[in-house]
Amino acid sequence: MPADELIRHGQHVMTVCNACRYCEQYCPVFPAMERRLTFATADLAYLANLCHNCGECLYACQYAPPHEFGIDVPRTLAKIRVRSYEDYCWPRFLAAAFRRNNLLTGFGLAAGMIALMFAATLVVNGGNLPRPVGAGDFYAVVPHDVMIALFGGVFLFAIAALWIGTRRFWRDIEGAAAPARDVNALVRALRDVLALRHLHGSGEDCTSAEETRTPWRRWLHHCTFYGFLSCFASTSVAAVYHMVFGWQAPYAYTSLPVILGTAGGAGLLVGSAGLLTARRRRDPSLGDPAQDGLDQSFIALLFLAAFTGLLLLVLRERAVMSALLIVHLGVVLALFLTLPYGKFVHGIYRTAALVKYARESLTV
Ligand code: SF4
Ligand code: SF4
């Protein structure tokens, strides 16, 4: 659907909902909508990123298709949401990546990164994979400085792209006011994010089809989110060990980086596998089928990163470790490169939208 037509349809949907207001108890989208009489593109971007696609308002709606009003809030906001990712994307010429990001491109990028890393390692080591002297000696395969330069560079690029995109989104929906200005709103929004409070906004489990409710969507999101955070904490602690204390990997199975990495990897594995399965069973009319690839690509890369990471941990004392390490690092590189152009953006923009929502709620 062309951008103008999508915005016009979003305005039509929100105008009908604003007159009806039947769904106002379901989630923050409706109270935020009620504070507005008209819906500019930035308003729709804000409302779209407040929506977490629970589906309650579709099943509750007497104007849902095939009614002539054609009110399908979850699907309409899902389309506007991904359009907002493209609009605020940095650099702008990569906006199309959101449309092209799918399972094939995700796997293709991972395969490309793995091939590149294998080629570079073979060239540097005279055509052979290095054989580590000690068990689990990752730096004998890929030197520490190379890891820092490679992953540090890609990570900084991803952070810069996410930061600039989020800043553009925030400025459009809220103006120049800094998000940190209102501490109470910030605390409330972060609490809602960490607890995924609105995922069961109606007070009941999530819908996956009409009259079908399960708690899984929320728990699987929790596993994925906290798994990701735990893996990030593991890498950060390992960096402090290495750079501050001079303690070099491999670390013992009982050390903090390994415990955090194992817990995080397990959370990611369960969360991503569960979300992939749950998506397949969900009523397709709740989402935008055009975005299936975008969602699946991110979740599949998370799963692969967790799976190869845990496998590496289990087999780190075997000869296969060298090859496994390169496969794992290639997958993680692909994951980092796609972070600013994939579903990961959803979590960041949603947090910004919840900060704005908390601000509006506290000032009324
Ligand atoms: S989704 Fe339907 S029932 Fe809910 S507020 Fe909008 S028009 Fe009313
Ligand atoms: S799908 Fe759920 S979160 Fe989105 S607008 Fe409807 S009730 Fe709110």
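Cut-offs used in this document
- Residues numbered from 1 in each chain as written.
- Chains lettered and ligands numbered in written order.
- Predicted model: local features only at pLDDT ≥ 70, side-chain atom pairs only at ≥ 80, totals over all residues.
- Heavy atoms only, no water.
- Axes fitted to C-alpha atoms, helices over the stretch in contact; angles between N-to-C directions.
- Helix = DSSP H or I, 4+ residues; strand = E, 2+ residues; numbered from the N terminus.
- Parallel < 35°, antiparallel > 145°, perpendicular 65-115°, else oblique.
- Left-handed = near helix turned anticlockwise from the far one by under 90°.
- Contact = heavy atoms within 4.5 Å.
- Nonpolar A, V, L, I, M, F, W, Y, C, P; charged D, E, K, R; others polar.
- Near = heavy atom within 4 Å.
- Domains from an automatic or database assignment.
- Buried area = accessible area lost by both parts, 1.4 Å probe.
- Salt bridge = Lys/Arg side-chain N within 4 Å of Asp/Glu carboxyl O.
- Polar contact = N/O pair within 3.5 Å; in protein donor to acceptor, adjacent residues only side chain to side chain.
- Pairing = 2+ DSSP bridges.
- Phe/Tyr/Trp six-rings, centres within 6.5 Å; stacked < 30°, edge-to-face > 60°.
- Buried < 20%, exposed > 50% of the residue type's maximum accessible area, 1.4 Å probe, protein only.

**Thoughts on the packing of helix α1 (residues 3–20) against helix α3 (residues 41–50)**
Then, in step 1: Where α1 contacts α3, the two axes come as close as 10 Å, and the packing angle between them is 70 degrees. Accordingly, the angle class assigned to the pair α1 and α3 is roughly perpendicular. By crossing handedness, the relation of α1 to α3 is classed as left-handed. The segment α1 lies against α3, with I7, G10, Q11 and M14 engaging T41, L44 and L47.
Then, in step 2: When the residues that make up the contact of α1 with α3 are grouped by side-chain class, the tally is four nonpolar, three polar and no charged.

**Describing the site of ligand 1**
Then, in step 1: Around ligand 1 sit C17, C20, R21, Y22, C23, F30, C57, C61, Q62, Y63 and V73, and those are all the residues in its vicinity.
Then, in step 2: Its residues placed into classes, the shell around ligand 1 shows nine nonpolar, one polar and one charged.

**A word on the domain arrangement of the protein**
Then, in step 1: You can read the domains of the protein as domain 1 (5–88) and domain 2 (93–362).
Then, in step 2: Relative placement of domain 1 and domain 2: their C-alpha centres are 29 Å apart.
Then, in step 3: In this assembly, 31 residues from domain 1 lie in contact with 39 residues from domain 2.
Then, in step 4: For the domain 1 face of the interface with domain 2, the top three residues by lost area are Y59, Y85 and Y88, together amounting to 26%.
Then, in step 5: Taking the shortest distance from any N to any O, the salt bridge between R213 and E56 comes out at 2.6 Å.
Then, in step 6: Where domain 1 packs against domain 2, one counts 21 residue pairs in polar contact (both at pLDDT 80 or more).
Then, in step 7: When contributions to the side of domain 1 that touches domain 2 are tallied by element, the ones reaching two or more residues are α2 (29–34), α3, α4 (56–60) and α5 (73–88).
Then, in step 8: When residues in the side of domain 1 that touches domain 2 are grouped by element, the largest group, 10 residues, is from α5.
Then, in step 9: When grouped by side-chain class, the residues that make up the side of domain 1 that touches domain 2 number 17 nonpolar, six polar and eight charged.

**Considering the pairing of strand β1 (residues 206–209)**
Then, in step 1: Direction of pairing for β1 relative to strand β2 (residues 212–214): antiparallel, over a ladder of three bridges. When the sheet's bridge partners are listed, C206 is paired in β2 with T214.
Then, in step 2: The turn joining β1 and β2, which pair antiparallel and follow one another in sequence, is formed by two residues; a positive phi near 65 degrees is taken by E211.

**Some details on the packing of aromatic side chains**
The geometry of an aromatic ring pair is captured by two quantities: the separation of the ring centres and the angle between the planes.
Then, in step 1: Scanning the model with the defined rule gives 18 aromatic pairs in all.
Then, in step 2: Each ring, one from F169 and one from Y349, has its centre 4.6 Å from the other, and the planes form 5 degrees; the classification is stacked. Linking F169 in helix α8 (residues 144–174) with Y349 in helix α14 (residues 344–363), this pair joins segments that are 180 residues apart in sequence. Both residues of the pair, F169 and Y349, belong to the buried class.
Then, in step 3: Centroid distance F228 to F344: 5.5 Å. Interplanar angle 45 degrees. Geometry classified as tilted.

**Examining the pattern of salt bridges**
Then, in step 1: If you walk through the whole model with that rule in mind, you get 12 salt bridges.
Then, in step 2: Two residues, E360 and R35, come together in a salt bridge whose shortest N-O distance is 3.4 Å. Remark: R35 occurs in the loop between α2 and α3 and E360 occurs in helix α14; sequence separation between them is 325 residues.
Then, in step 3: Relative accessible area serves as the criterion here: at 12%, E360 is assigned to the buried category.
Then, in step 4: According to the relative accessible area criterion, R35 is partly exposed, its value standing at 34%.
Then, in step 5: Residues E174 and R359 are paired through a salt bridge, measuring 2.8 Å at the closest nitrogen-oxygen approach. Here R359 lies in helix α14 and E174 lies in helix α8, a separation of 185 residues in the sequence.
Then, in step 6: Looking at E174, the relative accessible area reads 23%, which means it is partly exposed.
Then, in step 7: Of the residues examined, R359 reaches a relative accessible area of 3% and is grouped as buried.
Then, in step 8: If you follow the salt bridges from partner to partner, you end up with R35, R36, D43, E174, K356, R359 and E360 in one network.

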